[in-house]
Amino acid sequence: MKQKERKRLCLLAGMIFILAASVLSQTTGKITGIVRDASSHEPLTGVNILLVGTPLGAASDAQGEFYIINVPPGAYTVEARMIGYSPVRIEQVRVSVNRTVPVEFKLPASILEGEVVTVRADKMVLKKDQTSSIRNISAEDIENLPAESIGEVVAMQPGVVGGHFRGGRSNEVTYMIDGVAVTDAYSHSSKTSDVNPEIVEDVEVITGTFNAEYGDAMSGVVNVVTREGGNRLDGDASIHFGNYITPHKHIFEGLRNDEFDRIRDFKAALSGPVWKNRVFFVSNFRWQKDMGHLSAMRLFNPADFSDFTSQNQSEWAYNHTGDSSLVPMNGYEGYSGYGKLTFRFSPSLKASGALNWNRGSGQGYDHASRFNPDGSGSWHSETTLGVLHINHLVSRSAFYDLRISHNDYWTGSYLFGDPLDSRYIHDEYSRNNGSWFYTGGQSKSHFNLYEKKTGVKLDMTWQAGKQHSLKSGAELSLIDLKHVWYGIRNGYEGSGLENEYLEDPFTLQRLYLFYRPVIHANESVHTDLYHEKPVQASAYLQDKMEFDLMVVNVGLRFDYFDPKNRYPSNYRNPANQIYSDDPARISVLKKSDVKTQVSPRLGLSYSLGGNALLRFAYGHFLQMPPLTYFYQNSGFWIAAWDYGTRNGNGQLKPQKTIQYEVGLFQQLTRDMTLEVAVWYKDIYDLVTATVYTTYNQTRYGMYTNKEYGNARGLEVKYDWRVGVLSAGLNYTFGYTKGVADNPESSFSRAGSEKDPVNKLIPLNWDQRHTLNIYAGYNTAGYGATLMLYLNSGQPYTWSPISQSPLSAVNLFPNNQYRPGRISTDLNAYLNLARFKGASLRLTLLVYNLFDRLNESWVNSQTGRAYTAVVQETDILGHRSLFSTYEDVYQNPSMYSTPRSVKLGLGISF
């Protein structure tokens, strides 16, 4: 590292850690309250407040008020004790991440120490400090829901539509585990690390504006907090088997009702003390294998040669050596393991070390390879996340959190692990002329991504009196990104020998004589290699002011990003492929600028009496584009044909959302709440591939900040809970408009010689209505929860038949809507027996209970799945001895997953 860069990094780190003076931890909450005399209602001073089973507590002041900070999420029993009064306990006080929970004690006078008075906390509590749309899902709620992953739980929340938060692109969300960001930096569209629901204590889902402590997101934040072990030894193990039970086997070929191990799932967890009151552990393991619901027929092997190009059937070649068996083509297998050790050195100091490991592999369905499945590649991934966390309660009013993390993530997509594997065969076997389906050949794309991220994060909080919770924080992330993509080529390419073959005169099967898999250097359009080490940092200041009737959240966030790469000075000749001897036209590489940004945040909530809350929030939310758009095609090599290349751009700016939100929370009764929110946001500087032209008039794309979009909507959430009964719904109404669905949309449209989109149009996830309804009956011994999903259709691009006059019109994309979708899921359980503290439980999980054929995507001419406008020319143009033209447009992946039934047996203690 150069001396100048080293000095700048040191200065940056120093500035950030000086700013880190006081910040609210992203994994704890707060309890506040007041203690009164039960008869006179006067406040009581000096009452001891304890969180039973923990070292946390407080004493009431002269006004009878108290607060307890740094409380991990969970359900607690809070006890108040004072000489001359009977002790009072409030049970099931639920603390969530970043939330303030109010409680009120009324102590009855007693000369002698009497029995403890126990009351149960209300399940529905006015969220006085909530200034935006935040949903906290507890461990108990997760256990009852028909969901097997945190992603499924998040998808049930209002404002979340098909992975999009309030109309934003799917890569505008940040995912966190215990306060550590785990969103992949390369695409920002997936989690590099995930945990099983069984070890989760609380999930915080923010779909609207969020406080300054959260960054690198424009649309939402998901913060998952894991459990800690305790003095009690707890464990569970379960095994599950399942299948896809459907009468639609003419669509989903290969499914059998008697195959009840098509889905397999094994889970085990253990937690408890290593050293009582001092050292605790949590551990979890899961293995799951799902063969999927989509199958392919192995009619062809990759080295078979068939050719239906000729109009004369006598000239066709048809060779198939496959066994015609049906093989799974969208299966998945995954492993995950989690372990955490927590050391409590004193009542005010604890440290934990956690290790999370995920590994998975699978395959996506490719309809064109339906009869040649062995030629399709598969994906693989593995992640190891390690986190060291120190939590220190410096005083009754201040604490800090220090987190040091390292995330090692790898993902790949290929047919064989070695790009030079001798099993790769000649490209000429890959043919679909006439038949549309591939009759041989292999996928020749070979991709590996290695992403390592080391982070240091310091958070503190200072409760400055009753009204002010002062916050600030700092984080430094060092990213090591290595991208390796090859298009595997023939080593004999260009020799004149590459297409030489021997042919069987009877079967017309060919044997190509000259093939050797090779990979090219980076100065090629068939290779994209880069190894970059960007630096990301942030700091923020925030004050949460809590008054009797109002709460104000005000904050300011600073973000820093250094891509540490270079960009060409002349975009008309970026790689000096032409005019390399002309100084006026050659390109030199310049260092990309450091990006800094400041974003303000404001949130207000106002109590309307004791049962209602009005809130308003406003903020600027900035996010650096995914790293792929900085570094793609790092050699800047331009293909010889138009629209064949897209280059990254080290000069990209942050993308920006400005969002406004107004909400109302109303506690209708003690057991019933209603929440309504309306919101609007403008989205600026979205990344898009802009067309550039070289000196020799070749058009290519380079990513720039250009596109705009906006979104607006309404959310309604209703909940009712009485004892073991629960019910509720959430509804999202929204409009999402822009000019491009993704960064490639405008570039692809230009390459197809279509007019640019010059007005705001619906984006392809613009779903007008989303309604989720749940109902549950859950006791200690048995129970069930039903979840109903009703969604209106999302847009698709309708295209007229060639005979229609409209075929000459350049129609905008997303001009029609697909049919709506309805689905019902069920989660049920029954405790079969109990013996010496152990419980045997039977579980049933059913997705798509009524087996509806919901259309995921549709034919562009009919607007429906599994259909087409079939013309005589289509029938005549389809030349095949193994398939019909119906097979081409009847794609089973057009429908969502059929009914899935999963039965499990588990033991817990």
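Observations regarding the overall build of the protein
Here is step 1 of the chain: Of regular secondary structure, the protein possesses seven helices and 50 strands.
Here is step 2 of the chain: Since a compact globule built from 909 residues should have a radius of gyration of about 29 Å, the 30 Å found for the protein is in line with a globular shape.
Here is step 3 of the chain: By principal-axis analysis of the C-alpha atoms, the protein measures approximately 110 × 70 × 55 Å.
Here is step 4 of the chain: Taking contacts inside the protein between residues at least 6 apart in sequence as the whole, the part at least 24 apart equals 71%.
Here is step 5 of the chain: Of the roughly 38700 Å² of accessible surface on the protein, a fraction of 57% belongs to carbon and sulfur atoms.
Here is step 6 of the chain: Distance between charge centres in the protein, computed from 88 positive and 91 negative side chains, equals 5 Å.

Let's talk about the pattern of salt bridges
Here is step 1 of the chain: Scanning all chains against the criterion turns up 50 salt bridges.
Here is step 2 of the chain: Of the charged contacts, one joins arginine 510 and glutamate 503 as a salt bridge, the two residues approaching to 3.3 Å between their closest N and O atoms.
Here is step 3 of the chain: Look at arginine 510 and you get buried, because its relative accessible area is 15%.
Here is step 4 of the chain: Under the relative-accessibility criterion, glutamate 503 is labelled partly exposed at 37%.
Here is step 5 of the chain: In the salt-bridge network here, residues are joined through shared partners; they are Arg135, Arg166, Arg615, Glu661, Glu675 and Glu715.

Observations concerning the confidence of the model for the protein
Here is step 1 of the chain: On average, residues of the protein score 92 in pLDDT, and 96% of them reach the 70 mark or higher.
Here is step 2 of the chain: Across residues 5-25, confidence stays below pLDDT 50; counting only partners more than four residues off in sequence or on other chains, it has 54 contacts.

Remarks on the pairing of strand β23 (residues 378-395)
Here is step 1 of the chain: Looking at chain direction, strand β22 (residues 349-362) and β23 are connected through 14 bridges and run antiparallel. Across the sheet, the residue bridging to glycine 362 is tryptophan 379, located in β23.
Here is step 2 of the chain: The pairing of β23 with strand β24 (residues 398-414) spans 17 bridges and is antiparallel. Within β24, the residue paired with glutamate 382 across the bridge is tryptophan 410.
Here is step 3 of the chain: Counting the residues in the hairpin turn of β23 and β24 gives two residues.

What to know about unusual backbone geometry
Here is step 1 of the chain: One non-glycine residue, aspartate 178, adopts positive backbone phi at about 50°.
Here is step 2 of the chain: Residue aspartate 178 is classed as buried on the basis of its relative accessible area of 14%.

Regarding the sheet that holds strand β8 (residues 117-120)
Here is step 1 of the chain: The strand order β3-β2-β5-β6-β8 describes an open sheet built from five strands, whose pairing is mixed. One side of each edge strand has no neighbouring strand; the edge strands of this open sheet are β3 (57-59) and β8. If you compare each strand with its neighbour and ignore which way they point, the axes differ by 20° on average.
Here is step 2 of the chain: One ladder, built from four bridges, connects strand β6 (residues 88-95) with β8; its direction is parallel.

Considering the environment of phenylalanine 345
Here is step 1 of the chain: Note on placement: phenylalanine 345 falls in strand β21 (residues 332-346).
Here is step 2 of the chain: Sequence-wise, phenylalanine 345 and glycine 728 are 383 residues apart; in three dimensions their C-alpha atoms are separated by 43 Å.
Here is step 3 of the chain: Contact partners of phenylalanine 345, with chain neighbours within four places excluded, come to Arg278, Lys350 and Ala351.

Quick look at the packing of aromatic side chains
Here is step 1 of the chain: Counting across every chain of the model gives 33 aromatic pairs.
Here is step 2 of the chain: Judged by centre distance (6.0 Å) and plane angle (50°), the rings of phenylalanine 308 and phenylalanine 882 are tilted. You can see phenylalanine 308 sitting in the loop between β19 (295-297) and β20 (326-328) and its partner phenylalanine 882 sitting in the loop between α6 (872-877) and α7 (885-889), a full 574 residues away along the chain.
Here is step 3 of the chain: Residue phenylalanine 308 is classed as buried on the basis of its relative accessible area, which comes to 1%.
Here is step 4 of the chain: The class of phenylalanine 882 is buried, set by a relative accessible area of 15%.
Here is step 5 of the chain: Pairing tyrosine 332 with tryptophan 379 gives two aromatic rings, centres 5.9 Å apart and planes at 20°, and the pair type is stacked.

Comments concerning empty space enclosed by the protein
Here is step 1 of the chain: Counting across every chain of the model gives eleven cavities of 30 Å³ or more.
Here is step 2 of the chain: In this structure, the largest cavity occupies an estimated 350 Å³ of space.
Here is step 3 of the chain: Lining the largest cavity are 29 residues; nearest its centre among them are Gly215, Asp216, Glu475, Ser538 and Arg557.
Here is step 4 of the chain: Secondary structure elements with two or more residues in the lining of the largest cavity: β12 (173-177), β25 (445-464), β26 (468-487), β32 (535-546), β33 (550-562), β36 (595-607) and β37 (612-623).
Here is step 5 of the chain: Classifying every residue of the lining of the largest cavity by side-chain character gives eleven nonpolar, nine polar and nine charged.

Examining the nonpolar core
Here is step 1 of the chain: The biggest cluster of nonpolar side chains holds 30 residues, and the ones touching the most others in it are Val203 and Val222.
Here is step 2 of the chain: Excluding anything up to four places from it in sequence, valine 222 contacts Val154, Phe165, Val173, Thr174, Tyr175, Met176, Val203 and Glu204.
Here is step 3 of the chain: Core analysis: the second largest hydrophobic core is formed by 28 residues, Ile49, Tyr85, Ile90 and Leu393 among them.

With respect to the sheet that holds strand β7 (residues 100-107)
Here is step 1 of the chain: Spatially, β4-β1-β7 is the arrangement adopted by the three strands of the open sheet, whose pairing is mixed. Of all strands in the sheet, those with a lone pairing partner are β4 (65-71) and β7, marking the two edges. Strand-to-strand, the axes of this sheet are offset by a mean angle of 20°, without reference to chain direction.

With respect to the environment of asparagine 407
Here is step 1 of the chain: Along the chain, the position of asparagine 407 falls in strand β24.
Here is step 2 of the chain: Here asparagine 407 falls in the buried class, since its relative accessible area comes to 8%.
Here is step 3 of the chain: Residues contacting asparagine 407, with those up to four places away along its chain left out, are Thr192, Thr383, Thr384, Leu385, Glu451, Lys452 and Lys453.
Here is step 4 of the chain: For asparagine 407, the side chain forms a polar contact with the side chain of threonine 192, separated by 2.6 Å.

Procedures and definitions
Residues numbered from 1 in each chain as written. Predicted model: local features only at pLDDT ≥ 70, side-chain atom pairs only at ≥ 80, totals over all residues. Heavy atoms only, no water. Helix = DSSP H or I, 4+ residues; strand = E, 2+ residues; numbered from the N terminus. Rg over C-alpha atoms; globule rule 2.2 N^0.38 Å. Contact = heavy atoms within 4.5 Å. Areas by Shrake-Rupley, 256 points an atom, 1.4 Å probe, with all protein chains shown as cover. Lys, Arg positive; Asp, Glu negative; His and termini not counted. Charge placed at Lys NZ, Arg CZ, Asp CG, Glu CD. Salt bridge = Lys/Arg side-chain N within 4 Å of Asp/Glu carboxyl O. Buried < 20%, exposed > 50% of the residue type's maximum accessible area, 1.4 Å probe, protein only. pLDDT = per-residue confidence, 0-100. Pairing = 2+ DSSP bridges. Axes fitted to C-alpha atoms, helices over the stretch in contact; angles between N-to-C directions. Phe/Tyr/Trp six-rings, centres within 6.5 Å; stacked < 30°, edge-to-face > 60°. 1 Å grid on protein atoms, 1.4 Å probe; cavity = no way out; pocket = protein on both sides within 12 Å on 5 of 7 lines; lining within 4 Å. Points joined across faces, edges and corners; volume = space filled by probe spheres on them. Nonpolar A, V, L, I, M, F, W, Y, C, P; charged D, E, K, R; others polar. Core = buried A, V, L, I, M, F, W, Y, C linked by side-chain atoms within 4.5 Å. Polar contact = N/O pair within 3.5 Å; in protein donor to acceptor, adjacent residues only side chain to side chain.

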